[in-house]
Amino acid sequence: MLVIKELSKKIGNKQILNNINLKIPKGSIYGIIGKNGAGKTTLIRHLVGAYRGDSGYVELEGMRIYENSHAKSKLVYIPDEFFDTFGSNVNDVKQLYQGLYPSFNEDRYYKLMKMFNRDDLQNFNNFSKGMKKQVMFILALSIMPEYLIMDEPFVGLDPKASHLLKGLMRDLCDRGGAIFFSTHVLEVA
């Protein structure tokens, strides 16, 4: 279970998170909705262990997540924005993920690449936002994560890719995984 306990965070003079409590059990899908600037991404950065709260904490299966590589290995994060730092082609990004996640399943990766009609020699940096997001979903789902954390997961995706990904997300939950996502689009929630 992913647990947020009395989490608060102030950035500068602005209170971004104030005493947040939430339990996300395996097999569930949780989404948060809010306007831009509401603190959704800040909350996600705490969930994945990138930020430490001013007070409170985030635990994954009883382990504090901040600065805990074992806890972090149980989850994968798909951000809303991507930086061109992964490499020149999709295969470079795949190799990075294989090195970071021992659970990376190469057979599943190639099956998903075929499902989304992607070629791993394509230049990742030249992809549209939606194409990059598809590749990130393929990589995330190839890891077979216990927890999938996403920031604005469907922004930039075409309807066909969205439909495929929703089915794959349901499969993840059926296998006992948990999903947490943020959005500002009511239809996505």
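Structure: above.
Everything numeric here is computed off the predicted structure, so don't read it as measured data.

Read across the sheet, four strands follow the order β3-β8-β7-β6 without closing on themselves; strand pairing throughout is parallel. In this open sheet, the two edge strands, each paired with only one partner strand, are β3 (29-33) and β6 (75-78). Ignoring which end each strand starts from, the neighbouring axes of this sheet average 10 degrees apart. Both β3 and strand β8 (residues 178-183) contribute to a ladder of five bridges, which runs parallel. In the strand pairing of β8, Y30 is matched with F180. Contacts from helix α6 (residues 159-174) reach β3, β7 (147-151) and β8 within the one sheet, and its direction differs from that of β8 by about 140 degrees.

Counting residues in hydrophobic clusters, the biggest one holds 34 residues, and the most contacted among them are I78, Y97, L139, L148, M150 and I179. Elements represented by at least two residues in this core include exactly β6, α3 (90-100), α4 (106-115), α5 (129-142), β7, α6 and β8. In terms of residue count, α5 provides more of this core than any other element does, seven residues in total. Non-local contacts of L139, meaning those with residues more than four positions away in its chain, are made with V93, K94, Y97, F104 and Y109. Membership of the second largest hydrophobic core comes to 20 residues, among which are L17, I24, V48 and L60.

A few words now on α6. Relative to the 22 Å expected for 16 residues at 1.5 Å per residue, α6 spans 23 Å between its end C-alpha atoms, a close match to the ideal helical length. Those residues of α6 not exposed but buried are A161, S162, L165, L168, M169, L172 and C173. Viewed end-on, α6 has its buried residues packed into an arc of 145 degrees, placing them on one side of the element. Opposite its buried face, α6 presents the exposed residues P159, K160, H163 and D174, each directed more than 90 degrees away.

Okay, the packing of α3 against α4 next. Two elements in contact, α3 and α4, have axes whose closest approach is 12 Å; the angle formed by their N-to-C orientations is 150 degrees. One element, α3, and the other, α4, form an angle in the roughly antiparallel class. Between α3 and α4 the crossing geometry is right-handed. Each of V90, K94 and Q98 in α3 lies in contact with α4, whose residues at this interface are E106, Y109, Y110 and M113. Its residues placed into classes, the contact of α3 with α4 shows four nonpolar, one polar and two charged.

The antiparallel open sheet is built from four strands, whose spatial order is β2-β1-β4-β5. Each edge of the open sheet is held by one strand with a lone partner, namely β2 (14-24) and β5 (63-64). Pairing between strand β1 (residues 2-11) and strand β4 (residues 55-60): five bridges, direction antiparallel. In the sheet register, V3 faces β4, and the bridge partner there is E59. Its contacts with the sheet place helix α1 (residues 40-47) against β1, β2 and β4, and it is angled at close to 125 degrees to β1.

Rules of the game
The written sequence of each chain sets the order in which its residues are numbered from 1. Two thresholds apply to this predicted model, a pLDDT of at least 70 for residue-level local features and 80 or more for giving and counting side-chain atom pairs, whereas whole-chain, interface and lining totals are computed over all residues. Heavy atoms from the whole structure form the basis of all side-chain values; hydrogens and water molecules are not counted. Should DSSP find at least two bridges between two strands, the strands are regarded as paired. To qualify as a helix, a DSSP run of H or I must reach at least 4 residues; to qualify as a strand, a run of E must reach at least 2; elements of each kind are numbered from the N terminus. Axes here refer to lines fitted to C-alpha atoms; in helices the fit is confined to the stretch in contact. Angles between the N-to-C directions go from 0 to 180 degrees. Only heavy atoms enter the contact rule, under which two residues are in contact if any of them lie within 4.5 Å. We define the nonpolar core as a collection of buried residues of types Ala, Val, Leu, Ile, Met, Phe, Trp, Tyr and Cys that are connected through side-chain atoms lying within 4.5 Å of one another. With a 1.4 Å probe rolled over the protein chains alone, any residue whose accessible area is under 20% of its type maximum counts as buried; one over 50% counts as exposed, and the rest are partly exposed. Here a helix's expected span is defined as the number of its residues, less one, multiplied by 1.5 Å. What the arc describes is the spread of directions from the helix axis to the C-beta atoms. With respect to orientation, any angle under 35 degrees is reported as roughly parallel, any angle over 145 as roughly antiparallel, any angle of 65 to 115 as roughly perpendicular, and every other angle as oblique. The crossing is said to be left-handed when, going from far helix to near helix, the turn is anticlockwise and less than a right angle, and right-handed when the turn is clockwise. Residues are grouped as follows: Ala, Val, Leu, Ile, Met, Phe, Trp, Tyr, Cys and Pro are nonpolar; Asp, Glu, Lys and Arg are charged; all remaining types, including Gly, are polar.

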